[in-house]
Number of protein chains: 2
Amino acid sequence: MLAAKLRDLILSGEIEPGKSLPTERELVGDSGLSRSSVREALRVLEVEGLITTRPGRSGGSTVQLPGRGSVARSMQLFVRSHSIRVEALLETRVGVEPFLASLAALNATDREVEEMAAIHKRFEESIDNVVAYKRINLDWHLAVARASRNEVLIALMEAVSQPIFDAADYQEVTTPEIRKAAIRAHAGILKAIEARDAKGAAARMEKHVSAYADVMRSKLMLDTGAS
Amino acid sequence: MLAAKLRDLILSGEIEPGKSLPTERELVGDSGLSRSSVREALRVLEVEGLITTRPGRSGGSTVQLPGRGSVARSMQLFVRSHSIRVEALLETRVGVEPFLASLAALNATDREVEEMAAIHKRFEESIDNVVAYKRINLDWHLAVARASRNEVLIALMEAVSQPIFDAADYQEVTTPEIRKAAIRAHAGILKAIEARDAKGAAARMEKHVSAYADVMRSKLMLDTGAS
DNA sequence: CCTCGCGATTGGTCTTATCATTCGTAATTT
DNA sequence: AAATTACGAATGATAAGACCAATCGCGAGG
């Protein structure tokens with residue numbers, strides 16, 4: 001199909017990101033297909049995140065690279081449609097985040113360390129604003145993931161985190177004590193990363209995420225037990 | 001848009017998997033849109049893995065759940081288009097597979113243990129058939145992943161493994177000695193899983209995958225160094 | 001009772017036309 | 001001369017109708 005042909009063109013790098021595909025009417029001429037077919041092909045590529053298309057005079061289909069958001073959306077669809085056990089998501093974090101922390105300790109640039117520290121500062125200040133706390137917490141974990149410089153795992157974390165934070169009735173899971181503990185944990189992890197102490201960062205992260213998962217699990221048990 | 005509306009219908013469970021959507025012409029009537037627009041909406045859902053559509057009399061669009069293959073495809077696009085460093089993929093395996101092994105030790109059913117053992121048996125027999133060896137090796141790792149019962153990580157492994165095995169010029173990376181070592185490693189991991197020894201399984205898997213990654217890395221260094 | 005084939009149903013494609021959006025350009029105004 | 005405005009062209013978005021291709025149900029014929 002045409003979509004496959006165009007996809008190959010894009011993936012093989014023959015059309016660089018930022019450059020435009022021919023217009024729909026030109027593609028009709030080139031391919032011998034009808035307008036509808038061409039449009040369906042373009043729609044496929046659009047869903048795959050390979051192009052964006054704008055209407056208007058200098059519109060058209062612009063080639064782009066499927067960002068991590070593309071993978072994340074796909075993963076979210078997967079999670080939602082399978083009503084994946086929140087268990088599995090928590091488990092995933094427990095499995096992956098310590099590793100990310102150790103990678104971050106090894107690979108983080110100064111710039112990234114600064115960013116994590118800045119987020120952490122805001123985190124400390126948000127201790128009695130639950131909504132902000134929730135968002136900043138997510139930001140921090142994603143910042144650590146980004147500092148790992150492993151694109152695949154970054155994408156995974158982005159895909160997995162959102163559903164967790166959505167699913168969690170966070171306001172009820174988060175007591176002030178828990179928040180204080182989280183801040184301490186983050187501080188410790190950050191210090192280990194700054195010291196380039198991979199093992200330490202992993203160990204602290206493992207403890208932190210496990211604790212979070214345990215709290216979450218007990219909350220879930222109560223919920224399902226009560227229903 | 002119509003796609004969003006139908007997607008919500010599916011995700012909210014109002015249309016069960018296996019059931020059929022209205023025919024395209026019915027959707028035209030219901031929505032007031034044109035056939036082309038309806039078709040584009042369906043094409044979007046198809047790419048997202050939410051429906052499959054067959055032509056013919058009792059054809060139509062059948063609702064299904066986006067399988068792990070859907071996530072894997074998205075991940076593969078991501079990997080290909082970003083020319084992600086094989087490094088990152090190897091790193092991902094090193095980070096995730098030990099954890100999967102420990103989960104497998106905890107969660108695998110007898111049925112799954114049997115399956116892994118069966119694959120391992122074929123693995124041992126394939127020692128001088130490189131092509132078979134390659135495929136069976138992949139099978140075994142995926143079987144371990146499946147035994148972890150963590151859908152998210154299973155999907156990740158399926159997404160990541162294929163590109164690794166594609167990228168690797170496996171025949172050159174695999175010497176008979178390496179193959180023998182892999183068989184021994186698999187045997188050890190399998191034994192740990194059977195004994196429900198999570199820590200042991202993780203440690204052995206970590207060693208195995210790290211060794212593989214090292215071999216691969218040195219091969220890559222040579223390649224890039226020589227080019 | 002089985003087999004073959006016709007026709008109906010459904011997705012797949014094509015054609016043509018029209019609408020909506022954007023931008024370049026030229027006419028108009030200041 | 002410069003700025004503003006209005007028109008038109010290019011381009012994607014949508015629509016309507018027709019026909020093709022594949023598939024299956026069902027009836028005619030063996």
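Remember, predicted model here, so these are calculated numbers, not experimental data.

(A) Just the overall build of chain A, in detail. Looking only at helices and strands, one finds eleven helices and two strands in chain A. Walking chain A from its N terminus toward its C terminus, one meets helices and strands in the order α-α-α-β-β-α-α-α-α-α-α-α-α. In terms of C-alpha radius of gyration, chain A reaches 22 Å, well past the compact-globule figure of 17 Å for 227 residues. Projected onto the principal axes, the alpha-carbon positions of chain A cover approximately 65 × 50 × 30 Å. Within chain A, buried positions represent 50% of all 227 residues. Put simply, 70% of the contacts in chain A that link residues at least 6 apart link residues at least 24 apart. When the accessible surface of chain A is split by element, carbon and sulfur atoms take 52% of a total near 10,900 Å².

(B) Here's a closer look at the protein's contact with DNA strand C. The environment of DNA strand C is formed by 18 residues, the closest being Ser34, Ser37, Gly56 and Arg57 of chain A together with Arg39 of chain B. Taken together, the sugar and phosphate atoms account for 59% of what DNA strand C places within 4 Å of the protein. The side chain of arginine 35 of chain B places a nitrogen or oxygen atom 3.0 Å from a base nitrogen of DNA strand C. In the environment of DNA strand C, a sugar or linking oxygen lies 3.2 Å from a nitrogen or oxygen atom belonging to the backbone of arginine 57 of chain B. Mapped onto the surface near DNA strand C, the elements with two or more residues apiece are helix 3 (35-47) of chain A together with helix 2 (24-31), helix 3 (35-47) and strand 1 (51-54) of chain B. Partitioning the surface near DNA strand C into residue classes produces three nonpolar, eight polar and seven charged.

(C) Layout of unusual backbone geometry. Residue and element names in this part refer to chain B. Phi at arginine 149 is positive, roughly 65 degrees, even though this residue is not glycine. Even without a glycine there, the phi angle at arginine 196 is positive, about 60 degrees. For arginine 196, a relative accessible area of 34% translates into the label partly exposed.

Reading the values: rules and limits
Residues numbered from 1 in each chain as written. Chains lettered and ligands numbered in written order. Predicted model: local features only at pLDDT ≥ 70, side-chain atom pairs only at ≥ 80, totals over all residues. Heavy atoms only, no water. Helix = DSSP H or I, 4+ residues; strand = E, 2+ residues; numbered from the N terminus. Rg over C-alpha atoms; globule rule 2.2 N^0.38 Å. Buried < 20%, exposed > 50% of the residue type's maximum accessible area, 1.4 Å probe, protein only. Contact = heavy atoms within 4.5 Å. Areas by Shrake-Rupley, 256 points an atom, 1.4 Å probe, with all protein chains shown as cover. Near = heavy atom within 4 Å. Polar contact = N/O pair within 3.5 Å; in protein donor to acceptor, adjacent residues only side chain to side chain. Nonpolar A, V, L, I, M, F, W, Y, C, P; charged D, E, K, R; others polar.

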